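What follows is the residue order along each chain.
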Amino acid sequence: MSVRPDPSAAPDRTGFGIDIGGTGIKAAPVDLRTGETRGAPLTVPTPQPATPEAVAAAAAGLVDRAGWTGPVGVTLPSVVRAGITHTAANIAPSWLGVDAAHLFSRTLDDRPVRLLNDADAAGLAEARFGAAAGHDGVVLMLTFGTGIGSALLAAGVLVPNTELGHLMVDGVAAEHRASAVRRGRDQMSWPAWAAEVSRVLKEYERLLWPDLIVAGGGISAEADRWLPLLTNRTPVVAAMLENTAGIVGAAMAAGPLRPSGTGH
Ligand code: BGC
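These numbers were taken from a predicted model, which means no experiment stands behind them.

Draft legend 1. Representation of the overall build of the protein chain. Of regular secondary structure, the protein chain possesses 8 helices and 16 strands. Its C-alpha atoms give the protein chain a radius of gyration of 18 Å, within 12% of the compact-globule value 18 Å for 264 residues. Taking the principal axes of its C-alpha atoms as reference, the protein chain extends roughly 55 × 40 × 35 Å. For the protein chain, the proportion of contacts with a sequence separation of at least 24, taken over those separated by at least 6, is 63%. For the protein chain, the computed accessible surface area is about 11,700 Å², with 55% contributed by carbon and sulfur atoms. Across the protein chain, 21 positive and 25 negative side-chain charges occur, with their mean positions spaced 1 Å apart.

See the structure below:
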């Protein structure tokens, strides 16, 4: 007798999210009332080359392993409009202009698939369940990783595809100044890196006037070492969902109570 719980048994309360990154793909069923994943996420390395077909097949493998048969939400590090991936800054160029929602749906027996930008997913999750839960002002969520991802929310409503990592700050793209990868690559001290982050945040503040900034991405686990060094005006807090934010936001976008800003 199988003892594995059937996560599809509670379709109204459970969603399923897949978070696609440059090195790994993570997926899990999510309790949409609490924002918790049901069990540890399943993972698989991102296939190389990371063509749309290879990535969709790998993601479908995780859905299969989880025994999930319902709708899925998928994040990608790309601008996504109406299921089409429009940019490919840190992913294979073959994603440009792909009807990725259709591709994933076909690979998953034609089930409903909702696709969204990875940082937008993280922002939705933090706004509902994490560091910005209940905040009714303007929240800017930033993910510091290979690039800088951004999600802009006003009273919990997402303005999708903001792409602030590409804003030019004193002649250099924000994500080339202050991504986590830059810190590692250039072996920057925490003060030196925090100075670059501050410079970028001041530019965001000048243009958007957020009430709260949420700092996410792997480097938020070390927030104590750099948040206190920031010199910008807006309060900056560390993300709370850490490595599940993308999965949770993806599951929310595909769930029955889909948040505003994910409908196109
Ligand atoms: C991409 C964004 C993405 C961010 C974080 C940027 O380079 O343009 O779409 O959200 O990286 O992965």
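Draft legend 2. Focus on the side chain of Thr143. When you line up the elements, Thr143 lands in strand β10 (residues 138–144). If we skip the residues at most four places from it in the chain, Thr143 touches Ala119, Ala122, Ile148, Gly149, Gly216 and Gly217.

Draft legend 3. Representation of the domain arrangement of the protein chain in the model. Parsing the protein chain into structural domains produces domain 1 (9–120 + 245–254) and domain 2 (133–239). The distance between the C-alpha centroids of domain 1 and domain 2 comes to 24 Å. If you look at the interface, domain 1 gives 9 residues, while domain 2 gives 14 residues. Interface of domain 1 and domain 2: buried area, both sides summed, is about 770 Å²; carbon and sulfur atoms make up 49% of it. At the boundary of domain 1 and domain 2, one finds 0 salt bridges. The tally of links between domain 1 and domain 2 comes to 2 residue pairs in polar contact (both at pLDDT 80 or more). Those elements that place two or more of their residues in the side of domain 1 that touches domain 2 are β6 (80–81) and α3 (118–129). Grouping the amino acids of the side of domain 1 that touches domain 2 by side-chain chemistry returns 4 nonpolar, 3 polar and 2 charged.

Draft legend 4. Quick look at the nonpolar core. In this structure, Phe16, Ile18, Ile20, Val72, Val74, Phe104 and Leu115 are the most contacted members of the largest nonpolar core, which totals 28 residues. For this core, the elements supplying multiple residues, two or more each, are β1 (14–20), β2 (24–31), α1 (52–66), β5 (72–76), α2 (100–107) and β9 (113–117). For this core, the element with the highest residue contribution is α1, accounting for 8 residues. Not counting chain neighbours up to four residues away, the residues in contact with Phe16 comprise Ala27, Ala28, Pro29, Leu62, Val63, Ala66, Trp68, Pro71, Val72, Gly73 and Ala251.

Draft legend 5. Summary view of the sheet that holds strand β8 (residues 98–99). Strand order across the open sheet formed by 3 strands is β6-β7-β8, with antiparallel pairing between neighbours. At either margin of the open sheet sits one strand with a lone partner, and together these are β6 and β8. Summarising the sheet, strand β7 (residues 84–85) and β8 pair through 2 bridges and their orientation is antiparallel. Each bridged residue has a counterpart across the sheet, and for Ile84 the counterpart in β8 is Asp99.

Draft legend 6. Summary view of the site of the ligand. Taken together, Pro77, Ser78, Ala89, Asn90, Asn117, Asp118, Ile148, Gly149, Glu163, His166 and Glu175 are the residues near the ligand. Residue Ser78 places a main-chain N or O atom 3.4 Å away from an oxygen atom belonging to the ligand. Separating an oxygen atom of the ligand from a side-chain N or O atom of Glu175 is a distance of 2.9 Å. Burial of the ligand by the protein amounts to 92% of the accessible area it has alone, namely 310 Å². In terms of residue class, the shell around the ligand is built from 3 nonpolar, 5 polar and 3 charged. Each of domain 1 (9–120 + 245–254) and domain 2 (133–239) gives at least three residues to the shell around the ligand.

Draft legend 7. Summary view of the pairing of β9. The element β9 is extensively covered by neighbouring structure, given that 4 of its 5 residues are classed as buried. Direction of pairing for β5 relative to β9: parallel, over a ladder of 5 bridges. Across the sheet, the residue bridging to Thr75 is Leu116, located in β9.

Draft legend 8. Examining the pattern of salt bridges more closely. If you walk through the whole model with that rule in mind, you get 11 salt bridges. Across the pair Glu196 and Arg199 runs a salt bridge whose closest N-O atoms are separated by 4.0 Å. In this pair, Glu196 and Arg199 are both assigned in helix α6 (residues 190–208), 3 residues apart and thus about one turn of the helix distant. Overlapping salt bridges, with partners in common, bring together Asp170, Arg177, Arg182, Arg185, Asp186, Glu196 and Arg199 in one network.

Cut-offs used in this document
Residues numbered from 1 in each chain as written. Predicted model: local features only at pLDDT ≥ 70, side-chain atom pairs only at ≥ 80, totals over all residues. Heavy atoms only, no water. Helix = DSSP H or I, 4+ residues; strand = E, 2+ residues; numbered from the N terminus. Rg over C-alpha atoms; globule rule 2.2 N^0.38 Å. Contact = heavy atoms within 4.5 Å. Areas by Shrake-Rupley, 256 points an atom, 1.4 Å probe, with all protein chains shown as cover. Lys, Arg positive; Asp, Glu negative; His and termini not counted. Charge placed at Lys NZ, Arg CZ, Asp CG, Glu CD. Domains from an automatic or database assignment. Buried area = accessible area lost by both parts, 1.4 Å probe. Salt bridge = Lys/Arg side-chain N within 4 Å of Asp/Glu carboxyl O. Polar contact = N/O pair within 3.5 Å; in protein donor to acceptor, adjacent residues only side chain to side chain. Nonpolar A, V, L, I, M, F, W, Y, C, P; charged D, E, K, R; others polar. Core = buried A, V, L, I, M, F, W, Y, C linked by side-chain atoms within 4.5 Å. Buried < 20%, exposed > 50% of the residue type's maximum accessible area, 1.4 Å probe, protein only. Pairing = 2+ DSSP bridges. Near = heavy atom within 4 Å.

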